[in-house]
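The chain contents come next:
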Amino acid sequence: MEKAESKNRFLVEMRQVTKAYASRKKLFSRSSQQVLALNSIDLGIEHGEIFGLVGQSGSGKTTTGRLLVKLESPTAGEIFFDQTPISQLKGSRLKAYRSRVQMIFQDPYQSLNPHLSIAETVMEPLIVQKAGTPDTRMEKVIHTLETVGLLPGKAFFNRYPHQLSGGQRQRVAIARAIVLEPQFIVADEPTSMLDATIAIQLFKLLGQIKETFGMTLLFITHNLAAARYMCDRIAVIHDGHIVEVNTADNIIRHPEHPYTKKLIKVQPGFKYTR
Amino acid sequence: MQNKYFVSRFYKSWRIFIENPLGKTGVIILGVFMIMAVASFFVPLINPMYDPMTGIDPDIKLSTGPGLTHWLGTDNVGRDILAQLLEGAKVAFVVGLSAAFFSIVIGTLIGMIAGYSGGLVDAFLMRIADIIMVLPSLVILLILASLFGQFNIWIIVFIIAILRWPAVSRVIRSQTLSLKHRPFIEASRVAGASHVRIVLRHIMPNVLPLAFLYMTFRVTSAILVEAALSFLGFGDPSQVSWGMMLQWVWKSGHMFQAPYWLIPPGLCISLLTLAFYMLGRAMDEVLDPRLRKEGRSG
Amino acid sequence: MSLLSVDHLSIGYQTKKGLLRAVDNISFDLEQGQSLGFVGESGCGKTTIGMALMGLLPENAVILNGHIRFQGEDLISLTETQWQAVRGAKIAMIFQAAMNALNPVMPVGEQIKEAIITHQPDISKTHLADRMTELFDLVDIPARRMKDYPHEYSGGMKQRAVIAMALACDPALIIADEPTTALDVIVQDQILREIKQVQETTRTGLVFISHDIAVVASVCEQICVMYAGQIVETGTRKEVFKSPRHPYTRTLLNSYLSLDNLNDIRVPDMKESPDQMVETNECRFANSCPACSSACSGRFPDWIDVSATHKVFCCNPDMIRRGRGKS
């Protein structure tokens, strides 16, 4: 990990980011109530690390991920990617940003278009970013499918999502995310819909991919144990606030915030038997 | 590359469809009418006397009942009723399918654009749809007809299409809305895909089956509107159709004298619209997996 | 006599491709006041068992053979009308989606009242009121919230209301199918304590179904591990989790991430799940089994007793009895 200067330390930085959603309280009242999904959060993700964002549903963890890939825009505050503020990005510069930042979604049954073959799905980012020629794209897709453990890659080319298992679909989703070799990937609960034995294999795969490509990863999860297994550093988010950031080991061993302590206490485990 | 998937899916859907009693009946009735429509091209070739419009049997001066030369009888100027019935089937298909097709194309496009863009564009397009939807289409057609005289058949098709797209666009819009935030669309956005690409590549294939379903219902209403117009005397006078036949029965005062002339076109209108309706209902079942009895849980 | 006794039960689903054997030759017993946990991954047949115990199997399901005896009565032969007297009154169910189990336009208290009245039509007003207070007390919902509507409840409270509803008629058996899967860990922890405590105080039989082994471990005394429609290992909680013998149980435990076992994590090499369309006497786990060797080939799995309560379904008795496989 390069920590040359504190200025360059972060690949991604969120400064005072707030995200509010309007929710109308009553049917006939005009005044719209605002719900703060994120309340002025500061967050820095270092080059080449796996950063865990742990929180329960409604804590704002998914919103954070969506802001980073620019599926949504913050109400206030600024997000920097490689020192560049991303709120101003438009047109070709936004498109270039999109090739550097990718996302893996939670539900592998919803994240693949049922009408597109695996090859078409994985190739789409290459086509829209006009990367390579049709021939090299083919090669790239096969290579990427094999990288994510779909062997042999050619065998999956003309298959459709409904012909794959949940684990295989999520591998396809990972292939789509890494085919452009982005610098930064947001993985939003990538295994919460999958069986434990499948999930653990995907964790291993994500770790390998991060090593091979030198990517930076934001790993969003509700599972503290999974975050500890995967991540270098972990932030705990609760009600739109980051309550604690620390290295993965320290946050489990020496939690400071009462919420973190509570979260650790209720993690299911084998304390009843072991 | 999409073909293989569509073929297998189509085959699967077809199986569900044809196993459904409604679907089966609909397809059989439709098949009969298709044969009739095709036959209408050949009948005048046998003998010019069997031309539905101009073929007058020189031996007949009055409307006569069924016989050997005219299986279903003739009208009051000696034209063959069966030949007219066959010609009517062809016209019903042409009017029904083309009016339905145009209204579906307009409705799908507007629905996808409204649903995907949201905001002002959505509000504007949907208000127009609302306005058209509450217009009584038959009354509008009658007013137009009385202003401009009798219509050419294609103008009728065009007007039906214009009046009947809003319901389709409403359905397609809500489908688009539910698709818009699906992760696979968002994944495409994150990859940098343009709006046009997202609509054509990701949304359209997912709404087309629904559009197709609505087309069968539109066919029904188009056939009925055309028949009603013709019967009321606003149809295309140079074109035989079932509605026109009914109009002739009535005008020539044979309403209660010649059941052999009155019943066939009326029956045909009912049966063909029924067939399309049954087709639509069966297709509904194909498209809505919740209606299918299949399930497995872990 | 056992409260519940399931004997060589096989259930299949009629699919377009043929008969899928979702539950294959399963036997277990449950005594009054005991808790039995079924754990396994998606498609292993655990939900099907729950559905069969409630008489709620989907239309395309067929019971191929076996018996389910509840308090000595054969449940399989019951008609739908007879089921209605059993369901809710003697056997109650807690579903995964608590939000869907409650009627949104009716106060929660009313719904529970209705559940009681359905099965005890001649209950007196005072008894009913007493019973209601008792139930709300049991699941820790303040009695003043009885008049509230489901949308005014939090997720955890809804799930507790569903538990109260299940307990309404003092059932002899409760079936809980993934009751906490949709909940946050903090709420999950509360609900699991609630279920455990309620089960212990009311001495109700409990069949608990979950994909999460730690959750099952925290609630149940008896454990059945399922794979591809079969029970592969059964025993007390201590036996199964402290000295797992079946390679699949080990795989499950080794790939489960919890804060206290991160050092024992081993990434398994799970192959495609076996084809449950075919009837076979061979080991279904052989393809993915880390301990499968030439010693297995040609042998059929059979029940191997490790102790009086601890049984393992495997074709390698030596390995199972030794207690250490290659895994």
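What counts as what
- Residues numbered from 1 in each chain as written.
- Chains lettered and ligands numbered in written order.
- Predicted model: local features only at pLDDT ≥ 70, side-chain atom pairs only at ≥ 80, totals over all residues.
- Heavy atoms only, no water.
- Helix = DSSP H or I, 4+ residues; strand = E, 2+ residues; numbered from the N terminus.
- Rg over C-alpha atoms; globule rule 2.2 N^0.38 Å.
- Buried < 20%, exposed > 50% of the residue type's maximum accessible area, 1.4 Å probe, protein only.
- Contact = heavy atoms within 4.5 Å.
- Areas by Shrake-Rupley, 256 points an atom, 1.4 Å probe, with all protein chains shown as cover.
- Lys, Arg positive; Asp, Glu negative; His and termini not counted.
- Charge placed at Lys NZ, Arg CZ, Asp CG, Glu CD.
- Phe/Tyr/Trp six-rings, centres within 6.5 Å; stacked < 30°, edge-to-face > 60°.
- Domains from an automatic or database assignment.
- Buried area = accessible area lost by both parts, 1.4 Å probe.
- Salt bridge = Lys/Arg side-chain N within 4 Å of Asp/Glu carboxyl O.
- Nonpolar A, V, L, I, M, F, W, Y, C, P; charged D, E, K, R; others polar.
- Pairing = 2+ DSSP bridges.
- Expected span 1.5 Å × (residues − 1).
- Arc of directions from axis to C-beta.
- Core = buried A, V, L, I, M, F, W, Y, C linked by side-chain atoms within 4.5 Å.
- Axes fitted to C-alpha atoms, helices over the stretch in contact; angles between N-to-C directions.
- 1 Å grid on protein atoms, 1.4 Å probe; cavity = no way out; pocket = protein on both sides within 12 Å on 5 of 7 lines; lining within 4 Å.
- Points joined across faces, edges and corners; volume = space filled by probe spheres on them.

> Describe the overall build of chain C, naming the residues involved and giving the relevant values.
Within chain C one finds 11 helices and 12 strands. Compactness check: chain C gives a C-alpha radius of gyration of 21 Å against a globular reference of 20 Å for 327 residues, within 12% of the reference. Each principal axis of the C-alpha distribution contributes one length, and for chain C these read about 70 × 45 × 40 Å. Looking at chain C residue by residue over its 327 residues, the buried ones come to 56%. Sequence-distant contacts in chain C: of pairs separated by 6 or more residues, those separated by 24 or more amount to 66%. Approximately 14,200 Å² of chain C is accessible, and the part contributed by carbon and sulfur atoms is 49%. Taking the average place of the 32 positive charges on the side chains of chain C and the average place of its 39 negative ones, the gap between the two points comes to 4 Å.

> How would you explain unusual backbone geometry if you had to name every residue and give the values?
With an omega of -20°, the peptide bond running from A:Leu151 to A:Pro152 counts as cis. Structurally, the position occupied by A:Pro152 is in the loop between helix H4 (134–147) and helix H5 (153–156).

> Describe the packing of aromatic side chains, and please don't skip the residues or the numbers.
All names here are of chain C. Taken as a whole and judged by the stated rule, the model has 15 aromatic pairs over all chains. On the numbers, 5.0 Å between centres and 70° between planes, the contact of phenylalanine 28 with phenylalanine 38 is edge-to-face. With phenylalanine 28 in strand E2 (residues 18–30) and phenylalanine 38 in strand E3 (residues 35–39), this residue pair connects regions lying 10 residues apart in the sequence. The same class applies to phenylalanine 28 and to phenylalanine 38, which are both buried. With a centroid separation of 4.6 Å and an interplanar angle of 55°, the aromatic rings of tyrosine 227 and tyrosine 248 are classed as tilted. Note that tyrosine 227 is positioned in strand E9 (residues 222–227) and tyrosine 248 in helix H10 (residues 247–254), a separation of 21 residues in sequence. Each member of the pair, tyrosine 227 together with tyrosine 248, is buried.

> For the domain arrangement of chain C, give the residues involved together with the corresponding values.
Residue and element names in this part refer to chain C. The domain boundaries assigned to chain C delineate domain 1 (1–43 + 60–220) and domain 2 (223–327). When each unit is reduced to the centre of its C-alpha atoms, the spacing between domain 1 and domain 2 is 29 Å. On the side of domain 2, 19 residues touch domain 1, which itself brings 28 residues to the contact. Summed over both partners, the interface of domain 1 with domain 2 comes to about 1,900 Å²; 59% of that surface belongs to carbon and sulfur atoms. At the junction of domain 1 with domain 2, the criterion picks out 1 salt bridge. Arginine 284 is the partner of aspartate 24 in a salt bridge, and the nearest nitrogen-oxygen pair spans 2.7 Å. Breaking the side of domain 1 that touches domain 2 down by element, the ones donating at least two residues are E2, E3 and helix H8 (213–219). In terms of residue class, the side of domain 1 that touches domain 2 is built from 15 nonpolar, 7 polar and 6 charged.

> Can you break down the pattern of salt bridges residue by residue, with the values?
Taken as a whole and judged by the stated rule, the model has 29 salt bridges over all chains. As a salt-bridge pair, B:Lys90 and B:Glu87 come within 3.5 Å of each other at their nearest N and O atoms. Of this pair, B:Lys90 and B:Glu87 both sit in helix H3 (residues 81–117), separated by 3 residues, roughly a single helical turn. Residue classification places B:Lys90 among the partly exposed residues on the basis of a relative accessible area of 22%. For C:Asp148, the salt bridge goes to C:Arg145, with nearest N and O atoms at 2.5 Å. Classification of C:Arg145 by relative accessible area gives buried; the value is 18%.

> Which residues make up the pairing of E3(C), and what values go with them?
Residue and element names in this part refer to chain C. In terms of residue burial, E3 counts as a mostly covered element, since 5 of its 5 residues are buried. Side chains of E3 alternate between two faces, with Ser35, Gly37 and Val39 and Leu36 and Phe38 buried alike. Pairing analysis gives 5 bridges linking E3 to strand E8 (residues 205–210), with the strands arranged parallel. By the bridge assignment for E8, glycine 37 is matched with phenylalanine 208. Pairing of E3 with E9 involves 4 bridges; the strand directions are parallel. Each bridged residue has a counterpart across the sheet, and for glycine 37 the counterpart in E9 is isoleucine 223.

> Any details on H4(A)? Residues and values, ideally.
Residue and element names in this part refer to chain A. The terminal C-alpha atoms of H4 lie 20 Å apart, and with 14 residues this matches the ideal 20 Å at 1.5 Å per residue to within 8%. Residues of H4 that are buried: Arg137, Val141, Ile142, Thr144 and Leu145. Down the axis of H4, the buried side of the element spans an arc of 165°, and every buried residue falls inside it. Exposed and facing more than 90 degrees away from the buried side of H4 are Asp135, Glu139 and His143. Residues of H4 that are buried sit in contact with helix H3 (118–128), H5 and helix H6 (166–178). Looking at the residues trailing H4, positive phi occurs at glycine 149, about 90°.

> I'd love a proper account of the nonpolar core, names of residues and values included.
Residues and elements named next belong to chain C. Of all hydrophobic cores here, the largest spans 64 residues; its most connected members are Ile112 and Phe208. Looking at this core element by element, the count peaks at 8 residues for helix H6 (residues 155–167). Lining this core are residues from two domains, each supplying at least three of them: domain 1 (1–43 + 60–220) and domain 2 (223–327). Residues in contact with phenylalanine 208, not counting those within four places in the same chain, are Leu36, Gly37, Phe38, Ala176, Pro179, Leu192, Ile195, Val215, Val216, Val219 and Cys220.

> Describe the sheet that holds strand E8 (residues 216–221) of chain A, with residues and values.
Two strands in a sheet stick together by hydrogen bonds in their backbones, pointing the same way (parallel) or opposite ways (antiparallel). All names here are of chain A. Strand order in this open sheet of 6 strands is E6-E7-E8-E3-E9-E10, and the pairing throughout is mixed. Where the open sheet ends on each side, the last strands, each with one partner, are strand E6 (101–104) and strand E10 (241–247). Going from strand to strand, the sheet's axes swing by 20° on average, the running direction of each strand aside. Two strands pair when backbone bridges link them, and strand E7 (residues 184–188) and E8 are joined in this way by 5 bridges, in the parallel orientation.

> Let's hear about the sheet that holds E3(C): which residues, and what values?
Residues and elements named next belong to chain C. The 8 strands lie next to each other as E6-E7-E8-E3-E9-E10-E12-E11, forming an open sheet whose pairing is mixed. The open sheet is flanked by strand E6 (91–94) and strand E11 (302–305), the only strands paired with a single partner. When the angles between neighbouring strand axes are averaged without regard to direction, this sheet yields 20°. Examined bridge by bridge, E6 and strand E7 (residues 173–177) share 4 bridges and lie parallel to one another.

> Requested: an account of the layout of surface pockets, with residues and values cited.
All names here are of chain B. Roughly 900 Å³ of internal volume is contained in the second largest pocket. Lining the second largest pocket are 33 residues; nearest its centre among them are Phe10, Leu208, Pro209, Phe212 and Met283. The set of elements that each furnish at least two residues to the lining of the second largest pocket consists of helix H1 (3–19), helix H2 (21–46), H3, helix H8 (195–231) and helix H10 (259–287). No other element matches H8, which puts 9 residues into the lining of the second largest pocket. In terms of residue class, the lining of the second largest pocket is made up of 27 nonpolar, 5 polar and 1 charged.

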